[in-house]
Amino acid sequence: MSDFNPLQPSDFDRLSDEQLIGHAVSAREAGDSNQARAAIGQLVGGRIALVRSWVVKSVPAGEVDDVVAEVFASVMRAAFDGRSMGEFINLLKTITARRIADHTRDAKKRPKTTPLPDGDNEVWTEEPSAPSEEGAVELEDLVERELSKLSEDHRRVVESKLEGHSSQEVAGGTPGMTAVNVDQITSRFRKALREALENTEGGKMEQ
Amino acid sequence: MSEVDRLLEQFIAAYTAGEEADPAVYLGELHETDRAELGALISAYLERAPRQVLKPEVLAGSPANAIADEILAELQTPTWKTVLPRARARAQLRRDQLVAQLAAALGVSGQEQKVADYYNQMEHGRLDPTGVSDRVLESLSKLIGESVEALRAAGRPGPAASPGTVFARQAAPDPDFADAGCAAPPGMRSPGTEGEPDEVDRLFTNG
């Protein structure tokens, strides 16, 4: 007898990404397609912005959703094959980098084709101009690289700002820190990040 | 407030409100370093943010919904109907282009129409997979970049998809190819062919 317990969609919100994937796998094994579908939908809907934010840096606009779909399909294939998920965001980042690299490689191999006639409803966009392989990860590493140069206190301040907190909130949670201090630290970080972006090939994003 | 900060703030507001938050929309308003900086900041925010809980009506209209349908369909029943059109689209080959290359690879150039009839039956799940030879699958594998094993597995009959399943990215039937009805059993030649079975018939129906 199966131990699977169906959940209300509203219950999905309190599950971590890893737990949500586990629930989708359990649902499928229990033959509950509706629960599996709902859990997958919640996961994809909840993380699609993140994956898009990585993919859009390296892939032409018309091809972003294809790569994004491949990323989530790869993640779920791995989950349903019983492979370990580990820390989900890191896994997602790794898989996204690979799918971007696949896409870039395939685009280079792809023969130039003539536009499709109206009768064939599959339409493709231009090939990428010159996307850097795994460029999304390069860009992310710049943020981490600049963060790693900061003292522990300043790093915490910038991390809090990156999480979307206001300067007042950050200052309130940091003894001896004022909102002006927070703004100054954040401003220096942003200046360093811009300089790093200007000096990096990865800073040239797909337009 | 800089444009980068204004757009980042708008993006975070949409994300936390459960609205569609597509980074590309916000990045599209900027160029060069500003664009790269906003991209880096959006990714850094999303990596640290909780999974987004999209409003139900937003999720229903989101590409995430179609992606989730496609993932479940593929996990449940990868078939030639789903695998072949998708792989062909990835390879950016029109059906007539693929057929011409397949005929050449099989050494039956000049019989493209007959190869097209059989290939069309494969894409529509109407050809008995046990009759399709390894040579055909190996040639297709090279042309569309899907492994022989995956093609063979997708040809095997599997459990029916759930009633709610939508094959979101399946190619629509091509009017250039007439619907020949039910699956042709092994040994049965392509509709409209006369006389003794030839090499093309053997390749697609004799296994």
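Attention here is on the structure that accompanies the text.

About the thresholds
- Residues numbered from 1 in each chain as written.
- Chains lettered and ligands numbered in written order.
- Predicted model: local features only at pLDDT ≥ 70, side-chain atom pairs only at ≥ 80, totals over all residues.
- Heavy atoms only, no water.
- 1 Å grid on protein atoms, 1.4 Å probe; cavity = no way out; pocket = protein on both sides within 12 Å on 5 of 7 lines; lining within 4 Å.
- Points joined across faces, edges and corners; volume = space filled by probe spheres on them.
- Helix = DSSP H or I, 4+ residues; strand = E, 2+ residues; numbered from the N terminus.
- Nonpolar A, V, L, I, M, F, W, Y, C, P; charged D, E, K, R; others polar.
- Phe/Tyr/Trp six-rings, centres within 6.5 Å; stacked < 30°, edge-to-face > 60°.
- Buried < 20%, exposed > 50% of the residue type's maximum accessible area, 1.4 Å probe, protein only.
- Core = buried A, V, L, I, M, F, W, Y, C linked by side-chain atoms within 4.5 Å.
- Contact = heavy atoms within 4.5 Å.
- Buried area = accessible area lost by both parts, 1.4 Å probe.
- Salt bridge = Lys/Arg side-chain N within 4 Å of Asp/Glu carboxyl O.
- Polar contact = N/O pair within 3.5 Å; in protein donor to acceptor, adjacent residues only side chain to side chain.
- Axes fitted to C-alpha atoms, helices over the stretch in contact; angles between N-to-C directions.
- Left-handed = near helix turned anticlockwise from the far one by under 90°.

Turning to the layout of surface pockets, a few remarks are in order. Its volume calculated, the second largest pocket comes out at about 400 Å³. The wall of the second largest pocket is formed by 17 residues, among which Lys161(A), His165(A), Asp5(B), Leu8(B) and Glu9(B) lie closest to the centre. Contributing elements (two or more residues each) for the lining of the second largest pocket: α6 (152-162) and α8 (179-198) of chain A together with α1 (3-16) and α3 (32-48) of chain B. Counting residues per element, the lining of the second largest pocket draws most heavily on α1(B), at 5 residues. Looking at side-chain class alone, the lining of the second largest pocket contains 9 nonpolar, 4 polar and 4 charged residues.

Attention now moves to the packing of aromatic side chains. Residue and element names in this part refer to chain B. In total, this model carries 4 aromatic pairs over all chains according to the counting rule given. Both rings, one in Phe11 and one in Tyr26, keep their centres 5.4 Å apart while their planes meet at 90°; by these two values the pair is edge-to-face. Placement of Phe11 in helix α1 and of Tyr26 in helix α2 (residues 23-27) is noted, with a sequence separation of 15 residues between them. One exposure class covers both Phe11 and Tyr26, and it is buried.

By size, the foremost hydrophobic cluster in this structure holds 85 residues, and its most contacted members are Ile40(A), Met76(A) and Phe11(B). Ranked by the residues each element gives to this core, the list is headed by helix α3 (residues 64-80) of chain A, at 12 residues. Non-local contacts of Phe11(B), meaning those with residues more than four positions away in its chain, are made with Ala49(A), Ala21(B), Asp22(B), Pro23(B), Tyr26(B), Ile42(B), Tyr45(B) and Leu46(B). Of all hydrophobic cores here, the second largest spans 28 residues; its members include Val83(B), Ala103(B), Ala116(B) and Val132(B).

Turning our eyes to something else, we now look at the side chain of Ser53(A). Structurally, the position occupied by Ser53(A) is in helix α2 (residues 33-55). Excluding residues that lie within four positions of it along the chain, Ser53(A) makes contacts with Pro23(B), Ile42(B), Ser43(B) and Leu46(B).

Contact with chain A, which involves 67 residues of that partner, is made by 65 residues of chain B. When chain A packs against chain B, the two sides together hide about 5,400 Å² of surface, and 54% of this comes from carbon and sulfur. A salt bridge links Glu144(A) to Arg48(B), with the nearest nitrogen and oxygen atoms 3.2 Å apart. Here chain A and chain B share 18 residue pairs in polar contact (both at pLDDT 80 or more) between them. For the side of chain A that touches chain B, the secondary-structure elements that each account for two or more residues are α1 (17-29), α2, α3, α4 (88-109), α5 (135-148), α6 and α8 of chain A.

Let us look at the pattern of salt bridges. Throughout the structure, instances matching the rule amount to 33 salt bridges over all chains. Of the charged contacts in the structure, one is a salt bridge between Glu146(A) and Lys149(A), with a shortest N-O distance of 3.0 Å. Note on Glu146(A): relative accessible area 8%, which makes it buried. A salt bridge links Lys114(B) to Asp201(B), with the shortest nitrogen-to-oxygen separation between them at 3.0 Å. With Lys114(B) in helix α8 (residues 112-123) and Asp201(B) in helix α11 (residues 199-205), this residue pair connects regions lying 87 residues apart in the sequence. Residue Lys114(B) shares its accessibility class with Asp201(B), and that shared class is buried. Via salt bridges that share partners, Arg190(A), Arg194(A), Asp5(B), Asp34(B) and Glu37(B) belong to a single interconnected network.

In this fold, His23(A) is placed in helix α1. With residues up to four places along the chain from it excluded, the contact list for His23(A) reads Phe4(A), Asn5(A), Pro6(A), Leu7(A), Phe12(A), Leu15(A), Gln35(A) and Ala39(A).

To continue, consider the environment of His154(A). Position of His154(A) relative to the elements: it lies in helix α6. Beyond its immediate sequence surroundings of up to four residues, His154(A) is in contact with Ile185(A) and Arg188(A).

All names here are of chain B. Not every positive phi belongs to a glycine, and Glu32 is a case in point at roughly 50°. Despite not being glycine, Gln92 has its phi angle at roughly 55°, a positive value. Its place among the elements puts Gln92 in the loop between α6 (80-90) and α7 (95-105). Exposure remark for Gln92: the relative accessible area of 7% places this residue in the buried category.

A few words on the packing of α2(A) against α3(B). For the pair α2(A) and α3(B), interaxial distance at closest approach is 9 Å and the crossing angle is 145°. The chirality of how α2(A) crosses α3(B) is left-handed. In this structure, α2(A) uses Arg47(A), Ala49(A), Leu50(A), Ser53(A) and Trp54(A) to contact α3(B), whose residues at the interface are Ile42(B), Ser43(B), Leu46(B) and Glu47(B). Partitioned by chemical class, the residues of the contact of α2(A) with α3(B) number 5 nonpolar, 2 polar and 2 charged.

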